[in-house]
Amino acid sequence: MCMYSIKKVSELLNIPTVTIRAWENRYQVISPTRTEGGHRLYSDKDIATLRWLKEQVEENNVKISEAVRLLAQRPEKPQEESSSAVYDSMIERLYEALVDLNTQEANTLTDLAFSLYDYEEVFHHILTPVLYKIGDDWETGLITVAQEHFSSQFILNRCTQFLRILPVNPALPKALAFCPEGEQHHIGLMLFSLFLRKKGHDVIYLGPSTPYSGLLELIEMKDVSVVIVSLTEPSLFEEAMGWINTCLKKRPGLKFIIGGNGIHSHETLSRKSVFFMGKIDWEEGYDTFIK
Ligand code: B12
């Protein structure tokens, strides 16, 4: 179970700390536990109750005293906040900040997310869904290209910061990560590179639209053992497989990990050398293929 400080609850729900304390003292609607130092700690259930009260006051124009009375009368108390409900609210607020081109608010929300959750949870359950929503709304014309560019650039910047600070263990196999020429989408590549960096692997990150020419020489020169490829555009898939086959003929010991929405499994390639990885099975794939 997650426990949250009053500051986190305040940021998460957008309710001032003084209001939270007032509701608690005046109406005893929630009873947070205390740390040894006496600081309040709120549960998911407390958060659900506060969120429900806030909705009554702000959306239904009900006075807080009346909202508390209604709460007591409700046959069902607000459900304990599931992580997915908290994720949904973060996704919604970050999305709003990004399409409003509000860097400060977007940074505050992202900092909050990183302080509440493990960073992989933030990437997979908050940042990726925000980008998918941005993509859907851009496709239907709800938001502009500028808003989409601002959002993806913001998220990419936040991810790059991690790549700089994570320490490298030189004893682990070295990786090289790239998107083939023509492929601009590289946030998925960045996330998987961060996953490997967190394990301690050195990752040479080449990023989007990288030409194949000269790559194998670079791999040999830098003693790379694992090559990471990300593809969103399906029409680039066959060429990528052709290049991998050529590499494997020259360097049979190389390993390739391929992911992204543009890939589909390829039976002709050896499963020992090439691993097609999905969206969430990274730990398992890592254990069976790289470790
Ligand atoms: C941001 C974005 C862009 C940015 C990219 C910026 C950047 N620096 O990456 C820019 C503006 C450049 C762009 C351009 C285009 N885009 Co765009 N873009 C998006 C958007 C909104 C988000 C993509 C993203 O980063 N998602 C978040 C990441 C984390 O998700 P992901 O890539 O799926 O990765 C996950 C998994 O697939 C996996 N994964 C990915 N790679 C790898 C690699 C490995 C090894 C592993 C293990 C796993 C893995 O892990 C990730 C976590 O789950 C999507 C919307 C969407 N639904 O994705 C559209 C989207 C991908 N774009 C689309 C289109 C059409 C385009 C353009 C053709 C538009 C145009 N007409 O110019 C161009 C193509 C450019 C090119 N040649 O590549 C379409 C793709 C349609 C298709 N082919 O199926 C989408 C789906 C939008 C839409 N709804 O129509 N885009």
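Residues numbered from 1 in each chain as written. Predicted model: local features only at pLDDT ≥ 70, side-chain atom pairs only at ≥ 80, totals over all residues. Heavy atoms only, no water.

1. Some remarks on the site of the ligand
Link 1 in the chain: The immediate surroundings of the ligand are formed by 34 residues, with Y132, G182, Q184, H185 and S230 found nearest.
Link 2 in the chain: Note that a nitrogen atom of the ligand is positioned 2.8 Å from one of the side-chain N or O atoms of H185.
Link 3 in the chain: The backbone of H186 places a nitrogen or oxygen atom 2.9 Å from an oxygen atom of the ligand.
Link 4 in the chain: Among the detected pockets, the ligand sits in the largest pocket.
Link 5 in the chain: Of all the secondary-structure elements, those providing two or more residues to the shell around the ligand are α7 (119-139), α8 (145-165), α9 (187-199), β5 (226-230) and β6 (255-259).
Link 6 in the chain: In the shell around the ligand, the residues fall into 13 nonpolar, 16 polar and five charged. (Near = heavy atom within 4 Å. Polar contact = N/O pair within 3.5 Å; in protein donor to acceptor, adjacent residues only side chain to side chain. 1 Å grid on protein atoms, 1.4 Å probe; cavity = no way out; pocket = protein on both sides within 12 Å on 5 of 7 lines; lining within 4 Å. Sits in = over half its atoms within 2 Å of the grid points. Helix = DSSP H or I, 4+ residues; strand = E, 2+ residues; numbered from the N terminus. Nonpolar A, V, L, I, M, F, W, Y, C, P; charged D, E, K, R; others polar.)

2. What to know about the pairing of β5
The two faces of a sheet get side chains in turn, since along a regular strand they alternate between them.
Link 1 in the chain: With respect to burial, β5 is a largely interior element, five of its five residues being buried.
Link 2 in the chain: The alternating pattern of β5 places V226, I228 and S230 and V227 and V229 on opposite faces, both of which are buried.
Link 3 in the chain: Pairing of strand β3 (residues 175-180) with β5 involves four bridges; the strand directions are parallel. The residue bridging A177 from the neighbouring strand is I228, located in β5.
Link 4 in the chain: The handedness of the β5 to β6 crossover, carried by helix α11 (residues 237-250), is right-handed. (Buried < 20%, exposed > 50% of the residue type's maximum accessible area, 1.4 Å probe, protein only. Pairing = 2+ DSSP bridges. Right-handed = clockwise from strand over helix to strand, strands pointing away.)

3. What about the sheet that holds β3?
Link 1 in the chain: The parallel open sheet is built from five strands, whose spatial order is β4-β3-β5-β6-β7. The open sheet is flanked by β4 (203-210) and β7 (274-276), the only strands paired with a single partner. On average, each strand axis in the sheet is inclined to that of its neighbour by 15°, with strand direction left out of account.
Link 2 in the chain: Of the strands in this sheet, β3, β4, β5 and β6 touch α9, which is tilted by about 175° from β4.
Link 3 in the chain: Against the sheet, helix α12 (residues 282-290) makes contact with β5, β6 and β7, and its axis sits at roughly 160° relative to β6, the strand it touches most. (Axes fitted to C-alpha atoms, helices over the stretch in contact; angles between N-to-C directions. Contact = heavy atoms within 4.5 Å.)

4. Some remarks on the packing of aromatic side chains
Link 1 in the chain: A complete count under the given rule lists 16 aromatic pairs for this structure.
Link 2 in the chain: Between Y119 and F123, the aromatic rings sit 5.0 Å apart at their centres with planes inclined by 90°, giving edge-to-face as the arrangement. In this pair, Y119 and F123 are both assigned in helix α7, four residues apart and thus about one turn of the helix distant.
Link 3 in the chain: Relative accessible area serves as the criterion here: at 8%, Y119 is assigned to the buried category. (Phe/Tyr/Trp six-rings, centres within 6.5 Å; stacked < 30°, edge-to-face > 60°.)

5. Focus on helix α6 (residues 103-116)
Link 1 in the chain: The terminal C-alpha atoms of α6 lie 20 Å apart, and with 14 residues this matches the ideal 20 Å at 1.5 Å per residue to within 8%.
Link 2 in the chain: All buried positions along α6 are accounted for by A106, L109, T110, L112, A113, F114 and L116. (Expected span 1.5 Å × (residues − 1).)

6. Topic: the state of the cysteines
Link 1 in the chain: This model, assessed by the stated rule, comprises zero disulfides.
Link 2 in the chain: Not part of a disulfide, C179 finds its nearest cysteine sulfur in C159, a span of 13 Å.
Link 3 in the chain: As a non-bridged cysteine, C247 has C179 as the owner of its nearest cysteine sulfur, 16 Å distant. (Disulfide = S-S within 2.5 Å.)

7. Quick notes on the nonpolar core
Link 1 in the chain: The biggest cluster of nonpolar side chains holds 72 residues, and the ones touching the most others in it are L53, F123, I126, I155, L194, L196 and I228.
Link 2 in the chain: The element best represented in this core is helix α5 (residues 83-99), accounting for nine residues.
Link 3 in the chain: Leave out the neighbours within four places in its chain, and F123 touches F114, T128, P129, C159, F162, L191 and L194.
Link 4 in the chain: Within the second largest apolar cluster, 23 residues are counted, among which are M241, C247, F256 and I263. (Core = buried A, V, L, I, M, F, W, Y, C linked by side-chain atoms within 4.5 Å.)

8. Let's talk about the layout of surface pockets
Link 1 in the chain: The volume enclosed by the largest pocket comes to roughly 1,200 Å³.
Link 2 in the chain: Around the largest pocket, the lining comprises 36 residues; the ones closest to its centre are Y132, H185, I187, G188 and T232.
Link 3 in the chain: When residues in the lining of the largest pocket are grouped by element, the largest group, nine residues, is from α7.
Link 4 in the chain: Here the lining of the largest pocket is composed, by residue class, of 16 nonpolar, 16 polar and four charged.
Link 5 in the chain: If you trace the second largest pocket, you find it lined by L12, L13, N14, R51, K54, E55, E58, E59, S89, E92 and R93.
Link 6 in the chain: For the lining of the second largest pocket, the secondary structure elements donating two or more residues are α1 (6-13), α3 (44-59) and α5.
Link 7 in the chain: Here the element with the most residues in the lining of the second largest pocket is α3; it accounts for five residues. (Points joined across faces, edges and corners; volume = space filled by probe spheres on them.)

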